[in-house]
Amino acid sequence: MDDHSLHEPGHALHVEDLTVSYGGGPVLWDIDLDIPPGVMCAIVGPNGAGKSTLIKAALGLVRPVAGHVRFFGRPVTRMRGRIGYVPQRHSVDWDFPASARDVVEMGLYRSLGWFRRPGAAARARALAALAEVGMQDYADRQIAQLSGGQQQRVFIARALVQDAPILILDEPMAGVDAATEEVIVALLKRLRDAGRTVIVVHHDLTTVRSYFDWLVMLNVRIVAQGPVARVYTPENLRATYGRQLAMIAAAPDDALP
Amino acid sequence: MSVLADLLASHIVRTVLAGAALLGAIAGMLGAFAVLRRQSLLGDALAHAALPGVCLGFLIAGGRDLGSILAGAFLAGALAALAMMLITSRTRLKTDAALGIVLSVFFAAGVVLLTVAQARGGAGSLGLATFLFGQAAAILRSDLWIMGGIGLAALALVLAFWKEFKLVSFDPDYARALGLPVALLEATLTVMVAMAIVVGLQLVGVVLMVALLIAPAAAARQWTASLGGMVVLSAAIGAASGAAGALVSASTRGLATGPLVVLIATAAVLVSLMVAPGRGLLWQALAARRARARIGEGRVLAAMQGLARAHGDTGYATEGGMLATALGGAPTPARLAALERRGLIRAVVHPPETTPHWELTAAGHAEAAALADPAGRAERSP
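Quick notes on the rules
Residues numbered from 1 in each chain as written. Chains lettered and ligands numbered in written order. Predicted model: local features only at pLDDT ≥ 70, side-chain atom pairs only at ≥ 80, totals over all residues. Helix = DSSP H or I, 4+ residues; strand = E, 2+ residues; numbered from the N terminus. Buried ≥ 20, exposed ≤ 12 C-beta atoms within 10 Å, placed from the backbone. Contact = placed C-beta atoms within 7 Å. Core = buried A, V, L, I, M, F, W, Y, C linked by C-beta atoms within 7 Å. Pairing = 2+ DSSP bridges. Axes fitted to C-alpha atoms, helices over the stretch in contact; angles between N-to-C directions. Nonpolar A, V, L, I, M, F, W, Y, C, P; charged D, E, K, R; others polar. Expected span 1.5 Å × (residues − 1). pLDDT = per-residue confidence, 0-100. Right-handed = clockwise from strand over helix to strand, strands pointing away. Parallel < 35°, antiparallel > 145°, perpendicular 65-115°, else oblique. Domains from an automatic or database assignment. Left-handed = near helix turned anticlockwise from the far one by under 90°.

Peer 1: Which parts of the structure should I look at to understand the overall build of chain B?
Peer 2: Regarding its fold elements, chain B presents 18 helices and 3 strands. By its C-alpha atoms, chain B is 100 × 60 × 35 Å across when sized along the principal axes. Going through the 382 residues of chain B one by one, you find that 42% of them count as buried. The long-range share in chain B, meaning contacts at least 24 apart out of those at least 6 apart in sequence, stands at 69%.

See the structure below:
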């Protein structure tokens, strides 16, 4: 592939004029977005702001009515398998008959290719990914018997095993206990420090400044984007959350240095 | 045993037996995927929707030609699936409403066509009604080859695309993000289910066919926690139900095979829901009972240790009546007996009283202390 085919290759994620509609009004309107490589980026916004839709559209799971998306200059169809995706935990049936290792191995299904079953090498990689999220002792546990936080870690291990330069996580901290959140954040920071780009749909404004270094504020349209220190301002919060701000303004994060 | 041998001596019985077992295996294998993808009811709609296709196939072929009847059934099923897809994607109706509408409309059209076909008469048109509930005896040797071929094709597909089908059944969004052709894989699974239904129409009929998809899979899920185990077991339960239904039907005059197969498969579900280890209702009831007993026993131990401490005497003999008062009700003799069996308390006499007395053993003291401090217990146990 020659470099002429690349469009905006300097950005890990480049979104231009993206508009998504499910038949009614727009869910996302005229999104222009650039996320540089090697940052840990939060996408925040109120309920219904289109956070999940934005990453689904970026991943090609939702068809936009307008606009385009590039990862390192390439359309998503040419980045398949090289974007680690962690969907919302509640998007699947955890009573599915599978062990934690089975689920993690799913992250290798594409690189294995057609007709090949995961073997010893895949097993070893899956176990290593489980160890990275601190779940090595649960490899053969039924996924139904895992706690919510453990299920979330299995999902993250499944994305890790892809060894992808970009990770996109949809509310990974929703409904997990504090210890798990700590493990997840430490892991994501480690990945970021190793040069990966980590994009997280996040719901807890109080932790934005301590967890992330890049911020996208979304409410159907982009309100603000950039380094957290510059973007996390009362004006932007008000513009993003409107009336709900009263609760958020009391968030203790402002006390952080 | 000789009854069985007599039955198997009959050519027809052997054919029906093989057909029912084969159908059960195919439906069981594919049903596992349908159930995991929450598409059991799609199977029901496809089965009912096959009826107009059966009748049209008959009318066009001008007779009971199995090839055109099955082709008609398959096309009608595909049309129904398409209609459902359009209704859910283009209107605000949800999947269940779309299923209900398509199922009943296609079935009604089928019944109308059935009466038309029967009014036209012609040899064999009366036999069309057997597609409602199936007629196993109508199965021919040649039909077995068709069923066997479809079964082998389905097996080959499932083996070839095993990991893809697994991922698509568990998490289609992730599969799509990985770049797998999810729509194609899902369509393949659905078409295979439709094929299984079509081959089952003769035997079980459009009304009951869905049970053969759901029941073996639901039963199998209770016993195993791996997809491979579930698919194999589901196929085995389906095959066994088919064979058993065929045999019972053959040994008793006038009992229809299809409904018997369905009843037997459903019995397997019932048994599995009750007794399967871990997931079965009886199993869970037993576990709850055991937990209750443990809590009750723990309270007895704690009360006895409290009394022993209050008296500064680890061997303090507690009178049964005191325990009953402390616990707000007599600890049942069975509970005390269980504690004694576990070596945690022992019966003692405490003259001059003649009532039963109990004292904690050393193990009982340790257990009571551990119960009072569950965190410490968790640390100690590996």
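Peer 1: What exactly am I supposed to notice about the nonpolar core here?
Peer 2: Generally speaking, a soluble globular protein has its nonpolar side chains buried in company with each other. Within the largest apolar cluster, 180 residues are counted, with the highest numbers of intra-cluster contacts made by Cys41(A), Leu30(B), Leu46(B), Ala50(B) and Leu212(B). With 17 residues, helix H2 (residues 11–36) of chain B is the single largest residue contributor to this core. When neighbours within four sequence positions are excluded, Leu46(B) is seen to be in contact with Gly77(B), Ala80(B), Ala81(B), Val193(B), Ala194(B) and Ile197(B). Formed by 12 residues, the second largest nonpolar core is a distinct cluster that contains Val300(B), Leu339(B), Leu344(B) and Leu360(B).

Peer 1: Help me out: how do you make sense of the sheet that holds strand E9 (residues 221–227) of chain A in this one?
Peer 2: Backbone-to-backbone hydrogen bonds join strands into a sheet, with any given pair of strands oriented parallel or antiparallel. Residue and element names in this part refer to chain A. Reading across from one edge, E5-E6-E7-E3-E8-E9 is the order of the 6 strands in this open sheet, with mixed pairing throughout. Every interior strand has two partners, whereas the edge strands, strand E5 (83–86) and E9, have only one. Direction aside, neighbouring strands of the sheet carry axes that sit 15° apart on average. Two strands pair when backbone bridges link them, and E5 and strand E6 (residues 166–170) are joined in this way by 4 bridges, in the parallel orientation. Looking across to E6, one finds that Tyr85 is bridged to Ile168. Across the sheet, helix H5 (residues 148–160) lies against E5 and E6, angled at about 170° from E5, the strand it touches most. Contacting strand E8 (214–219) and E9, helix H9 (residues 234–241) runs over the sheet at an angle of about 150° to E9.

Peer 1: Teacher, can you tell me more about the interface of chain B and chain A here?
Peer 2: Where interface size is quoted, it is often the accessible area lost as the parts come together. With 21 residues of chain B at the interface, the matching set in chain A holds 19 residues. For the side of chain B that touches chain A, the secondary structure elements donating two or more residues are helix H8 (162–170), helix H9 (172–178) and helix H12 (227–251) of chain B. The class makeup of the residues in the side of chain B that touches chain A is 12 nonpolar, 3 polar and 6 charged.

Peer 1: Any chance you could explain H2(B) here in plain terms?
Peer 2: Each full turn of the α-helix corresponds to 3.6 residues, which orients residues three or four apart in the same direction. With 26 residues, H2(B) extends 38 Å from end C-alpha to end C-alpha; this agrees with the ideal 38 Å at 1.5 Å per step. The buried count for H2(B) comes to 21 of 26 residues, which makes it a mostly enclosed element.

Peer 1: Would you take a moment to explain the confidence of the model for chain A for this structure?
Peer 2: Detail in the predicted coordinates should be disregarded across regions flagged by low pLDDT. Of the residues in chain A, 93% have a pLDDT of 70 or more, and the chain-wide mean is 89. The low-confidence segment residues 252–257 of chain A, where pLDDT is below 50, has 8 contacts with residues more than four positions distant or belonging to other chains.

Peer 1: Got a minute to help me understand the sheet that holds strand E4 (residues 66–71) of chain A in this structure?
Peer 2: Residues and elements named next belong to chain A. Strand order in the open sheet formed by 3 strands is E2-E1-E4, and the pairing between neighbours is antiparallel. Only two strands of the sheet have a single partner each, and these edge strands are strand E2 (26–35) and E4. On average, each strand axis in the sheet is inclined to that of its neighbour by 15°, with strand direction left out of account. Here 5 bridges tie strand E1 (residues 13–21) to E4, and the two strands are oriented antiparallel to one another. Counterpart to Thr19 in the pairing with E4 is Ala66.

Peer 1: Can you help me understand the confidence of the model for chain B in this one?
Peer 2: Residues and elements named next belong to chain B. The predicted model of chain B averages 87 in pLDDT, with 95% of residues at 70 or higher. Between the elements of chain B, mean pLDDT differs from a low of 51, seen in helix H18 (residues 374–380), to a high of 96, seen in H8. Taken together, the stretch residues 377–382 has pLDDT below 50 and engages in 1 contact with residues farther than four places along the chain or on a different chain. For this predicted complex, the interface confidence comes out at an ipTM of 0.90, alongside a pTM of 0.85.

Peer 1: What exactly am I supposed to notice about the pairing of strand E7 (residues 197–201) of chain A here?
Peer 2: Each regular strand displays side chains that alternate between the two surfaces of the sheet. All names here are of chain A. With 5 of its 5 residues buried, E7 lies for the most part within the structure. On E7, burial covers both faces: Thr197, Ile199 and Val201 on one face and Val198 and Val200 on the other are all buried. Alignment of strand E3 (residues 40–44) against E7, held across 4 bridges, turns out to be parallel. Its bridge partner lying in E7, Cys41 is registered against Ile199. Between the parallel elements E6 and E7, the chain passes through helix H6 (residues 178–193) in a crossover that is right-handed.

Peer 1: Just to check I follow, could you spell out H12(B) for this structure?
Peer 2: Helix length check: H12(B) (25 residues) gives 36 Å between terminal C-alpha atoms against 36 Å at 1.5 Å per residue, within 8%. For H12(B), the buried fraction is high: 18 of the 25 residues fall into the buried class.

Peer 1: Please explain the environment of Ala303(B) as it appears in this structure.
Peer 2: All names here are of chain B. For Ala303, the position within the fold is in helix H14 (residues 281–311). Residue Ala303 is classed as partly exposed on the basis of its 19 C-beta neighbours within 10 Å. Taking the C-alpha atoms as reference points, Ala303 and Leu185, separated by 118 residues in sequence, lie 63 Å from one another. With residues up to four places along the chain from it excluded, the contact list for Ala303 reads Leu323, Ala326 and Leu327.

Peer 1: What exactly am I supposed to notice about the packing of H14(B) against helix H16 (residues 333–341) of chain B here?
Peer 2: A pair of packed helices can be characterised by two numbers: the angle between their axes and the separation between those axes. All names here are of chain B. For the pair H14 and H16, the least separation of the axes is 10 Å and the interaxial angle reads 80°. Between H14 and H16, the angle falls in the class roughly perpendicular. Across the interface between the two elements, Ala293, Gly296, Glu297 and Val300 from H14 touch Arg335, Ala338 and Leu339 from H16. Of the residues contributing to the contact of H14 with H16, the split by class is 4 nonpolar, 1 polar and 2 charged.

Peer 1: I'm lost on the domain arrangement of chain B in this one. Help?
Peer 2: Parsing chain B into structural domains produces domain 1 (2–260) and domain 2 (283–380). Each of domain 1 of chain B and domain 2 of chain B has a C-alpha centre, and the two are 59 Å apart.

Peer 1: Help me understand the environment of Ala276(B) in this model?
Peer 2: Residue and element names in this part refer to chain B. In this structure, Ala276 sits in the loop between helix H13 (257–275) and H14. Among the residues examined, Ala276 registers 18 C-beta atoms within 10 Å and is labelled partly exposed. The residues contacting Ala276, other than those within four sequence positions of it, are Gln222, Trp223 and Trp283.

Peer 1: Would you mind going over the packing of helix H3 (residues 40–61) of chain B against helix H10 (residues 182–204) of chain B with me for this structure?
Peer 2: Residue and element names in this part refer to chain B. Remark: H3 packs on H10, axes separated minimally by 10 Å, with the N-to-C direction vectors making an angle of 55°. One way to sum up the angle between H3 and H10 is to call them oblique. Judged by the sense of rotation from one axis to the other, the crossing of H3 with H10 is right-handed. Each of Gly43, Leu46, Ala47, Ala50 and Val54 in H3 lies in contact with H10, whose residues at this interface are Val193, Ala194, Ile197, Val198 and Leu201. Considering only residue class, the contact of H3 with H10 consists of 9 nonpolar, 1 polar and no charged.

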